[in-house]
Amino acid sequence: MLAFKRIVTVAALVYLLLAVLFFLFPAVRSSVAGLNGSGSLVDDERSFFYVLAAIGAAVLALVVVVENLDSSLLRRESLKQDSKINELKAKLYDVHQPAPGTHNPAVSYPTAASAAAAAEHAPRPTAPPTTPTTY
């Protein structure tokens, strides 16, 4: 598509250069318009300008169509890449999430039942050994 776009752009630029040549140099315009062969210089130049305008309109339409086609193809490709990026982000997010049943709160507060259970299973404190005092 890029090569076709460049070819159309080069053709449009060549057409513009030829049109400027015909407008700026009346001798060239007269000699090219005289190729029609109707005999009247005014009629020849009028028909030449009509043909020049028709070719210009066709070239402009071709350039617009090619640019819009290229733009839509680029937009479609961009949307495909954006959806691929979003899909990969979703997969990465799913990988980093914990399993649904293993969610532990960040801070756990003891309840009365858990404190009583912990007190039952805790070892009984023993009295510290007495040591004789030394003076």
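Preceding block: the structure.
Please read these numbers as outputs of a predicted model, since none were measured by experiment.

Reading the values: rules and limits
- Residues numbered from 1 in each chain as written.
- Predicted model: local features only at pLDDT ≥ 70, side-chain atom pairs only at ≥ 80, totals over all residues.
- Heavy atoms only, no water.
- Helix = DSSP H or I, 4+ residues; strand = E, 2+ residues; numbered from the N terminus.
- Buried < 20%, exposed > 50% of the residue type's maximum accessible area, 1.4 Å probe, protein only.
- Contact = heavy atoms within 4.5 Å.
- Expected span 1.5 Å × (residues − 1).
- Axes fitted to C-alpha atoms, helices over the stretch in contact; angles between N-to-C directions.
- Parallel < 35°, antiparallel > 145°, perpendicular 65-115°, else oblique.
- Nonpolar A, V, L, I, M, F, W, Y, C, P; charged D, E, K, R; others polar.
- Core = buried A, V, L, I, M, F, W, Y, C linked by side-chain atoms within 4.5 Å.
- Salt bridge = Lys/Arg side-chain N within 4 Å of Asp/Glu carboxyl O.

Student: Describe in detail the overall build of the chain, supporting the description with residues and values.
Tutor: If you tally the helices and strands in the chain, you get 4 helices and 0 strands. Along the chain, helices (α) and strands (β) appear in the sequence α-α-α-α when read from the amino end. Expressed as a percentage of its 135 residues, the buried residues of the chain come to 10%. Of the contacts made within the chain by residues no fewer than 6 positions apart, 54% connect residues no fewer than 24 positions apart.

Student: For helix α3 (residues 41-96), give the residues involved together with the corresponding values.
Tutor: For α3, which comprises 56 residues, the first-to-last C-alpha distance of 82 Å matches the rise-based estimate of 82 Å (1.5 Å per residue) to within 8%. Within α3, the full set of buried residues consists of Asp44, Glu45, Phe48, Leu52, Gly56, Val66 and Asp70. Tucked into the core, α3 has its buried residues touching α1 (2-24) and α2 (26-33).

Student: So, α1: which residues are in play, and what are the values?
Tutor: Since the α-helix packs 3.6 residues into each turn, any two residues three or four apart lie on the same face. Relative to the 33 Å expected for 23 residues at 1.5 Å per residue, α1 spans 33 Å between its end C-alpha atoms, a close match to the ideal helical length. Those residues of α1 that fall on the buried side of the exposure criterion are Val8, Ala12, Tyr15, Ala19 and Phe22. Taken together, the buried residues of α1 touch α2 and α3.

Student: If you had to explain the packing of α2 against α3 to someone new, which residues and values would you point to?
Tutor: As a packed pair, α2 and α3 sit with axes 9 Å apart at the nearest point and diverge in direction by 95°. Classified by the angle between their axes, α2 and α3 sit roughly perpendicular to one another. Contacts between α2 and α3 involve Arg29, Ser30, Val32 and Ala33 from the first element and Leu41, Asp44, Glu45, Phe48 and Phe49 from the second. Across the contact of α2 with α3, the residue classes tally to 5 nonpolar, 1 polar and 3 charged.

Student: So, the nonpolar core: which residues are in play, and what are the values?
Tutor: One finds Tyr15, Ala19, Phe22, Ala33, Phe48 and Leu52 forming the largest nonpolar core, which totals 6 residues. Those elements that place two or more of their residues in this core are α1 and α3. Residue contributions to this core peak at 3 residues, all from α1. Sequence-distant contacts of Ala33, defined by excluding residues within four places in its chain, comprise Asp44, Glu45 and Phe48.

Student: Would you mind going over the packing of α1 against α2 in detail, with residue names and values included?
Tutor: Axis angle and axis distance: for two packed helices, these are the angle between their axes and the distance between the axes, and together they describe the pair. Between α1 and α2, the shortest axis-to-axis distance is 5 Å and the interhelical angle comes to 105°. Relative to α2, the element α1 is oriented roughly perpendicular. In this structure, α1 uses Leu21, Phe22, Phe23 and Leu24 to contact α2, whose residues at the interface are Pro26, Val28, Arg29 and Val32. Looking at side-chain class alone, the contact of α1 with α2 contains 7 nonpolar, no polar and 1 charged residues.

Student: Describe in detail the pattern of salt bridges, supporting the description with residues and values.
Tutor: Scanning the model with the defined rule gives 4 salt bridges in all. Here Lys5 makes a salt bridge to Asp70, at a shortest N to O gap of 3.0 Å. Here Lys5, found in helix α1, pairs with Asp70, found in helix α3; they are 65 residues apart in sequence, far enough to count as distant. Judged by its relative accessible area of 11%, Asp70 is buried. Glu45 is the partner of Arg29 in a salt bridge, and the nearest nitrogen-oxygen pair spans 3.8 Å. Pair noted here: Arg29 is in helix α2 and Glu45 is in helix α3, with a separation of 16 residues, a long-range link. We classify Glu45 as buried; its relative accessible area is 19%. Connected through salt bridges with shared partners, the residues Lys5, Glu67 and Asp70 form a single ionic network.

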